[in-house]
Amino acid sequence: MNLPNRITVSRIALIPVFIVVFFLDVIPQGYNYLAAAVVFAAAAFTDFLDGHIARSRGLVTNLGKFLDPIADKVLVSTALILMLVRGGAVFQVLWPQDWVLIASGCCVAVILARELIVSGFRMVAASAGLVLAADKVGKFKTVFQDIAILFLLAGAVSFGSAIACEVLNGIGLACLAVATVLTIWSGISYIVRNRVVLQERAEEKKSET
């Protein structure tokens, strides 16, 4: 296992740390959410780091193409689900909170559905001996997801200013909305661009009959 792949594995290893810190309610004023944001930021940074090292040193491998998107999906999915669990603390804004939670829940559902669909698509490709790498739109989607999570977590901290929390949450929710749009776009684009995977399977089925 080369260096970029080890960094990717370290990102996966940080997920349990993120979970523990997120629920560490013994830390007053919600600073456990800020600590969780720091852990999440460190894990998200490894996504840039492993990709940069792999490309600059010519260490791109099929294992890396497989592990990298999985690490991203598990990290982001975990954070989004945990934030919904603590929705009353994480989503603090001026407008009706119920609507915010419903809208955020829908965004999270769309994001998770896309990841499951694309993962299933990759499994079909893998069974055909193909490894599909993530595209640029998918990377932008991940960036906006990461930014949204960081701002929402930071907004859950009691800084002594309700306005600061509302501003941070507003930015986080806006980024989550953008991430959802990019999620849909990248998912459709990914499948359309690699539709040959499904065509090959269909052709194999025809030849068998």
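Note that this is a predicted model, so its numbers are computed, not measured.

### Comments concerning the nonpolar core
Step number 1: Among the nonpolar cores identified, the biggest contains 32 residues, and F18, F22, F40, L80, M83, I149 and L153 are the most heavily contacted of them.
Step number 2: Looking at this core, the elements that each hand over two or more residues are α1 (3–22), α2 (31–56), α3 (62–85), α5 (97–127), α6 (136–155) and α7 (162–193).
Step number 3: Top contributing element to this core by residue count: α2, with seven residues.
Step number 4: If you look at the next biggest cluster of nonpolar residues, it comprises five residues, including V118, F121, A125 and Y190.

### A closer look at the environment of F121
Step number 1: Assignment of secondary structure puts F121 in helix α5.
Step number 2: Considering only alpha carbons, one finds F121 and V197, 76 residues apart in sequence, at a separation of 8.4 Å.

### Side note on the packing of α2 against α3
Step number 1: Running from N to C, α2 and α3 point in directions that differ by 160 degrees, and their axes come no closer than 11 Å. Judged on the interaxial angle alone, α3 and α2 are roughly antiparallel. Between α2 and α3 lies a crossing of left-handed hand. Between α2, through F40, A43, A44, D47 and D50, and α3, the contact on the second element is made entirely by D68, D72, L75, V76 and A79.

### Here we look at the packing of α3 against α5
How two helices pack is summed up by the angle between their axes together with the distance between the axes.
Step number 1: Contact geometry of α3 with α5 gives a least axis separation of 11 Å together with a crossing angle of 155 degrees. As the angle between them shows, α3 and α5 are arranged roughly antiparallel. At the point where α3 passes α5, the crossing takes the left-handed sense. Residue-level contacts link P69, K73, S77, L80, I81 and L84 of α3 to S104, G105, V108, I111, L112, R114, E115, S119 and R122 of α5.
Step number 2: Of the residues that constitute the contact of α3 with α5, the class distribution is seven nonpolar, four polar and four charged.

### Notes on the confidence of the model for the protein chain
Step number 1: For the protein chain, per-residue confidence averages 84 on the pLDDT scale, and residues scoring 70 or more make up 90% of the total.
Step number 2: When pLDDT is averaged over each element of the protein chain, α1 comes out on top at 91 and helix α8 (residues 196–208) at the bottom at 57.

### Digging into α2
Every α-helix carries 3.6 residues per turn, so stepping three or four residues along brings you back to the same face.
Step number 1: With 26 residues, α2 should cover 38 Å at 1.5 Å per step; its first-to-last C-alpha distance of 37 Å lies within 8% of that length.
Step number 2: Immediately beyond the C-terminal end of α2, within one or two residues, lies G58, with a positive phi of roughly 65 degrees.

### Brief notes about the pattern of salt bridges
Step number 1: All chains considered together, the criterion is met by ten salt bridges.
Step number 2: The partner of R11 in a salt bridge is D47, with the nearest N and O atoms 3.8 Å apart. Placement of the pair is R11 in helix α1 and D47 in helix α2, with a sequence separation of 36 residues.
Step number 3: The class for R11 is buried, based on a relative accessible area of 0%.

### Here's the deal with the side chain of D72
Step number 1: In this fold, D72 is placed in helix α3.
Step number 2: The class for D72 is buried, based on a relative accessible area of 10%.
Step number 3: In terms of polar contacts, D72 uses its side chain to reach the side chain of R11, at 3.2 Å.
Step number 4: Setting aside its immediate chain neighbours within four residues, D72 contacts R11, D47 and K139.

Cut-off values and rules
- Residues numbered from 1 in each chain as written.
- Predicted model: local features only at pLDDT ≥ 70, side-chain atom pairs only at ≥ 80, totals over all residues.
- Heavy atoms only, no water.
- Core = buried A, V, L, I, M, F, W, Y, C linked by side-chain atoms within 4.5 Å.
- Buried < 20%, exposed > 50% of the residue type's maximum accessible area, 1.4 Å probe, protein only.
- Helix = DSSP H or I, 4+ residues; strand = E, 2+ residues; numbered from the N terminus.
- Axes fitted to C-alpha atoms, helices over the stretch in contact; angles between N-to-C directions.
- Parallel < 35°, antiparallel > 145°, perpendicular 65-115°, else oblique.
- Left-handed = near helix turned anticlockwise from the far one by under 90°.
- Contact = heavy atoms within 4.5 Å.
- Nonpolar A, V, L, I, M, F, W, Y, C, P; charged D, E, K, R; others polar.
- pLDDT = per-residue confidence, 0-100.
- Expected span 1.5 Å × (residues − 1).
- Salt bridge = Lys/Arg side-chain N within 4 Å of Asp/Glu carboxyl O.
- Polar contact = N/O pair within 3.5 Å; in protein donor to acceptor, adjacent residues only side chain to side chain.

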